[in-house]
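Okay, here's what each chain looks like letter by letter:
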Amino acid sequence: MKQNLPLNQAILTVEQLDKEYPFVDLLLDAGFKHVFGRQKNKDILIAFLNQIIPDRTIVDLTYNQNEQIPDNIESKASRFDLYCTTDDGSRIIVELQRKEQHDYIHRSLYYSSLPIAEQVRIGNETYMFSHIYIVNILNFTLKETAHREQVLSAFRYKEIEDNTLLTDRITHIFVELPKFKKKLEEIDKENVQDIFYFCLRNLKDLKTIPDSLDTEIAQRIFTASAVAAMTTQEKMYYIDNMNTERDIRNQIQFAVDKGREEERKLMASKLKAMGVGIDVIIESSGLTREEIEML
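Just so it is clear, the model here is predicted, and its values are computed rather than measured. (Residues numbered from 1 in each chain as written. Predicted model: local features only at pLDDT ≥ 70, side-chain atom pairs only at ≥ 80, totals over all residues. Heavy atoms only, no water.)

Enquirer: What's the story with the layout of surface pockets in this structure? I'm lost.
Expert: Which parts of space are left empty comes out when a probe the size of a water molecule is rolled across the atoms. By volume, the second largest pocket amounts to about 200 Å³. Surrounding the second largest pocket, 16 residues form its lining, Glu100, Gln101, His102, Asp103 and Lys143 being those nearest its centre. At the level of secondary structure, the elements contributing two or more residues to the lining of the second largest pocket comprise helix 4 (104-121) and helix 9 (278-285). Examining the composition of the lining of the second largest pocket, we find that three residues originate from one element, helix 9, more than from any other. Counted by class, the lining of the second largest pocket contains six nonpolar, four polar and six charged residues. (1 Å grid on protein atoms, 1.4 Å probe; cavity = no way out; pocket = protein on both sides within 12 Å on 5 of 7 lines; lining within 4 Å. Points joined across faces, edges and corners; volume = space filled by probe spheres on them. Helix = DSSP H or I, 4+ residues; strand = E, 2+ residues; numbered from the N terminus. Nonpolar A, V, L, I, M, F, W, Y, C, P; charged D, E, K, R; others polar.)

In structure tokens:
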């Protein structure tokens, strides 16, 4: 990937960022939140959500605090990438996952429980709650949906035999970007969903704005993603995020090159604590699944 610096390259400077990267990487946490997570760009987020959320049209939304503090002080707080409430009271959690993670489906299920508890906690004496959507933008393919060619999958709770819908209040949405394989010349500019998928996957590699994508929403994405329009502070934050990813790769490579078992176990332990998928840790460290599970 162009955003990832060579292992032996010095820390990226603001000048290098301006020169080499016209647009942010939307699959980098800082880049994604810079475009989709700011009040002045919420029209972009609304347009995206209206393309992927079934049976609902969002007119407006409010960004909520993205950290959920549990009632039990011994429980772990959860931080979402984005957490919003729409004009009709629906709750939407948006999670970006760049690397494969073990048991990701269960993570999505856990996240759906948090806005339920929040709504009950604020004084709702019944167990009725507003619609909840967990939107998972993934830069990998789920094994559970590997048989599907579609980029977008939406799941609700249904009866096993006759498919009767139990409730429409909770919807899990998965956007598996590796399944989107269209090149720029194949994009129909009237297909807004394809424009978003293309930008999420490829914006970091573009040097100029394509003439073929001259629609209003495409231009909004390009404008919001332009590195040249970022403040120095925003650029420094973005660079720090890029360098953090590079540092992780450096440490993995160091452990592999050294070949020392203790180094590899230490790095695998750190990656496991960060929530990196076990298959990625196996490939990176050379340890077995059993060794990693025991860490």
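Now that the structure is up, let's keep going.
Enquirer: Can you help me understand the pairing of strand 8 (residues 165-176) in this one?
Expert: Summarising the sheet, strand 6 (residues 132-138) and strand 8 pair through seven bridges and their orientation is parallel. Counterpart to tyrosine 133 in the pairing with strand 8 is threonine 171. Examined bridge by bridge, strand 7 (residues 152-158) and strand 8 share six bridges and lie antiparallel to one another. Considered in strand 8, the bridge of serine 153 is made with phenylalanine 174. In sequence, strand 7 turns back onto strand 8 through a hairpin of six residues, with asparagine 163 there showing a positive phi of about 70°. (Pairing = 2+ DSSP bridges.)

Enquirer: Help me understand the environment of tyrosine 157 in this model?
Expert: Note on placement: tyrosine 157 falls in strand 7. We classify tyrosine 157 as partly exposed; its relative accessible area is 30%. Between the C-alpha atom of tyrosine 157 and that of aspartate 168, which follows or precedes it by eleven residues, the distance is 7.6 Å. Setting aside residues no more than four positions away along its own chain, tyrosine 157 makes contact with Leu109, Ser112, Thr164, Leu165, Leu166, Thr167, Ile170 and His172. (Buried < 20%, exposed > 50% of the residue type's maximum accessible area, 1.4 Å probe, protein only. Contact = heavy atoms within 4.5 Å.)

Enquirer: I tried to follow a nonpolar patch on the surface on my own but got confused; where do I start?
Expert: A grouping of Leu109, Tyr157 and Leu166 is seen on the molecular surface, where their side chains present a nonpolar patch of about 290 Å² in accessible area. Considering the arrangement of structural elements, one finds leucine 166 in strand 8. The class for leucine 166 is exposed, based on a relative accessible area of 70%. (Patch = residues over 30% accessible without salt bridge, like charges linked within 9 Å, V, L, I, M, F, W, Y side chains within 5 Å. Areas by Shrake-Rupley, 256 points an atom, 1.4 Å probe, with all protein chains shown as cover. Salt bridge = Lys/Arg side-chain N within 4 Å of Asp/Glu carboxyl O.)

Enquirer: Looking at this structure, I do not really get the sheet that holds strand 4 (residues 82-86). What am I missing?
Expert: The pairing of strands in a sheet comes from backbone hydrogen bonds and takes either a parallel or an antiparallel form. Taken together, the six strands give an open sheet; going across it, the order is 1-4-5-6-8-7, and neighbouring strands pair in mixed fashion. The sheet is open, and its two borders are formed by strand 1 (61-63) and strand 7, each paired with just one other strand. Strand-to-strand, the axes of this sheet are offset by a mean angle of 25°, without reference to chain direction. Pairing of strand 5 (residues 91-97) with strand 6, which is carried by seven bridges, proceeds in the parallel orientation. Across the sheet, residue glutamate 95 finds its bridge partner in strand 6, namely asparagine 136. Across the sheet, helix 2 (residues 29-36) is in contact with strand 1, strand 4, strand 5 and strand 6; its angle to strand 5 comes to roughly 145°. Packing of helix 3 (residues 42-52) onto the sheet brings it into contact with strand 1, strand 4, strand 5, strand 6, strand 7 and strand 8, and relative to strand 1 it is tilted by some 120°. (Axes fitted to C-alpha atoms, helices over the stretch in contact; angles between N-to-C directions.)

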